[in-house]
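# Coordinate analysis (summary)
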Amino acid sequence: MPAPNLVIRGQQVVLPGSISPASIHISGNIVTSTGSFDDVPADCELIDVNDESIVMPGLVDSHVHINEPGRTEWEGFATATRAAAAGGVTTLIDMPLNSIPPTTTVAGFKEKLAAAGGQCFVDVGFWGGVVPGNTSELAPLFSAGVVGFKCFLIHSGVDEFPNVTEEHLREAMPELTRLGAVLIVHAEVPGPINITGIRNDSPAAYATFLASRPRAAENEAVDLIIKLGQEFGTRVHIVHHSSADALPVLGEAKAAGIKITAETCPHYLTFAAEEIPDGATEFKCCPPIREAENRELLWSAVADGTIDMIVSDHSPCPPDMKLRESGDFLAAWGGISSLQLRLPVVWTEARRRGSSIEDLVRWLCTAPASLVGLAHRKGSIAAGFDADLVIWNPERQFKVEANTLQHRHKLTPYNGRVLQGVVEKAFLRGRKIYDGEEFIAKPQGVLLTHASGE
Ligand SMILES: [Zn+2]
């Protein structure tokens, strides 16, 4: 074991299975060992963390829309990864759509890698996409290093990433099973979606939008994915789950041994439809934020493990596409910006429901790392893992001021909210990348692809 060049120690260090006083020994990029608080070899740099702060694995966010190349004016690698660093996120996985080209071919993936190269302040991996007719691209994309594949069961919002139907999935899923690749699914089907029936209602009323995307659209989609997952043995995952009605079948499918997991997002666990002001389109996302009663059922499912993880689904757009002036919920772009705020938002809500720091680490670090095949090097503080850490104070509060966010666009429904938990420092592979207000000057994130040896 090489001698450490850096030791970080604190009174509250989150190691697998414990939170205790400990020292973390780091050599270069890697944690070489963890030891007692006083176990500090001579001749290495020592960072002492104050007693109130927690030292935790850097967050992994497996659901981020960066949109570069092609729609960089929506969000780009430089701005998104700076926001990630400021939020304690040391690994993020970029979604295969909204960029042009989308990541549905190897050529598209190469363009994405070329665009991202040299710009990233944190480590970045990539999802590929399943779209009608690209089954022959899946194996080469997977060997080039995408972590898995995403599909939509309903219009994705952009025409260059068309949705699939059951028929398309019957073609793609045997190939995904053969590859051992996970399929992540935007689980709403078009049948129950009702836009035309509500045309006469006010489009600026949140209730109008909510009625247009009922729980049934999600419930039917989850049923379909469970059925196909069982039939083809594909590892499947439901993204941004919102409908509490589908939780019992999700739980039953897991208990029956079907290889299925699910995520939800901070906004579904924080806001409630009843409280969203008319015209406040910064709250629009699909599936929608539902009622307070639905939110509490989602929390129960997160607590009991039916929902495995909480990821941001950071999905920004230029502010004018949110149509704030007309407040038209039906026509506005759907997507919520929260990459930088995931830790304090989730902690604020989790703490008042009695959840623990260990729960937080499972939802924000370990489970997403596992989903994307990085559980051997990300999401835990342990020997042999990348030395990715976030140091944060769970007792301090702050008020969200949109203009302090590093996201390219500042519009967010969290503006003005008081949150619990302040990120103080972030380390990426043994190097400090964020220190309060300051960022390191040069982006040092790597692109996590097989081809790069990462
Ligand atoms: Zn998304």
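Preceding block: the structure.
This text gives an overview of the structure that appears in the document.

What counts as what
- Residues numbered from 1 in each chain as written.
- Predicted model: local features only at pLDDT ≥ 70, side-chain atom pairs only at ≥ 80, totals over all residues.
- Axes fitted to C-alpha atoms, helices over the stretch in contact; angles between N-to-C directions.
- Helix = DSSP H or I, 4+ residues; strand = E, 2+ residues; numbered from the N terminus.
- Parallel < 35°, antiparallel > 145°, perpendicular 65-115°, else oblique.
- Left-handed = near helix turned anticlockwise from the far one by under 90°.
- Contact = placed C-beta atoms within 7 Å.
- Nonpolar A, V, L, I, M, F, W, Y, C, P; charged D, E, K, R; others polar.
- Core = buried A, V, L, I, M, F, W, Y, C linked by C-beta atoms within 7 Å.
- Buried ≥ 20, exposed ≤ 12 C-beta atoms within 10 Å, placed from the backbone.
- Pairing = 2+ DSSP bridges.
- Arc of directions from axis to C-beta.

## Details of the packing of helix α3 (residues 135-144) against helix α4 (residues 166-179)
Here α3 crosses α4 at 20°, and the two axes come no closer than 9 Å. The angle between α3 and α4 falls in the class roughly parallel. Both α3 and α4 take part in a crossing whose hand is right-handed. Residue-level contacts link T135, L138, A139 and F142 of α3 to E171, A172, E175, L176 and L179 of α4. Each residue belonging to the contact of α3 with α4 can be placed in one class, and the counts come to six nonpolar, one polar and two charged.

## A closer look at the nonpolar core
Side chains of a nonpolar character, in soluble globular proteins, are inclined to be buried together. Residues V122, L183, V185 and V346 are the most contacted members of the largest nonpolar core, which totals 128 residues. Among the elements that line this core, the one with the most residues is helix α11 (residues 357-371), at eight residues. Here V122 is in contact with T81, A84, A85, V89, T90, T91, L92, L428, I433 and G445, once residues within four sequence places are set aside.

## Regarding the sheet that holds strand β14 (residues 309-310)
With parallel pairing, the six strands of this open sheet are ordered in space as β9-β10-β11-β12-β13-β14. At either end of the open sheet lies a strand with only one pairing partner, and these are β9 (128-129) and β14. With three bridges joining them, strand β11 (residues 183-186) and strand β12 (residues 236-238) adopt parallel strand pairing. The residue bridging I184 from the neighbouring strand is H237, located in β12.

## A word on the pairing of strand β2 (residues 18-27)
Across eight bridges, strand β1 (residues 6-15) lies against β2 in antiparallel orientation. Directly across from R9, in β2, lies its bridge partner S23. Remark: two residues form the turn of the hairpin made by β1 and β2, two consecutive strands paired antiparallel; G17 in that turn has positive phi of roughly 90°. With five bridges connecting them, β2 and strand β3 (residues 30-35) associate as antiparallel partners. The residue of β3 that forms the bridge with S27 is I30.

## Thoughts on helix α7 (residues 247-255)
Listed in full, the buried residues belonging to α7 are L247, L250 and A253. For α7, the angular spread of buried residues about the axis comes to 125°, placing them on one side. The outward face of α7, more than 90 degrees from its buried face, is lined by the exposed residues P248, E252 and A255. Each element contacted by the buried residues of α7 is listed here: α6 (215-232), β13 (260-264) and α9 (292-304).

## Observations regarding the packing of α4 against α6
At a minimum axis distance of 10 Å, the contact between α4 and α6 shows a crossing angle of 40°. With respect to α6, the element α4 is oriented oblique. As α4 packs across α6, the resulting crossing turns out to be right-handed. Note on element contacts: α6 touches α4 through L224, L228 and F232, opposite E166, L169, M173, P174 and T177. Among the residues forming the contact of α4 with α6, the class breakdown is six nonpolar, one polar and one charged.

## Section: the environment of I47
Tracing the chain through its elements places I47 in strand β4 (residues 45-48). Sequence separation between I47 and S23 is 24 residues; the distance between their C-alpha atoms is 9.6 Å.

## Observations regarding unusual backbone geometry
Here the residue pair E68 and P69 is connected by a cis peptide bond, since its omega of 0° sits within 30 degrees of zero. Examined against the element boundaries, P69 turns out to sit in the loop between β6 (59-64) and α1 (77-86). For the peptide bond that leads from C286 to P287, omega is -5°, which places it in the cis range. With respect to the helices, strands and loops of the structure, P287 is situated in the loop between α8 (266-270) and α9. Backbone geometry at R429 places phi at a positive 45°, although glycine is not the residue there. By secondary structure assignment, the location of R429 is in the loop between β16 (418-428) and β17 (431-435). A count of 23 C-beta atoms within 10 Å places R429 in the buried class.

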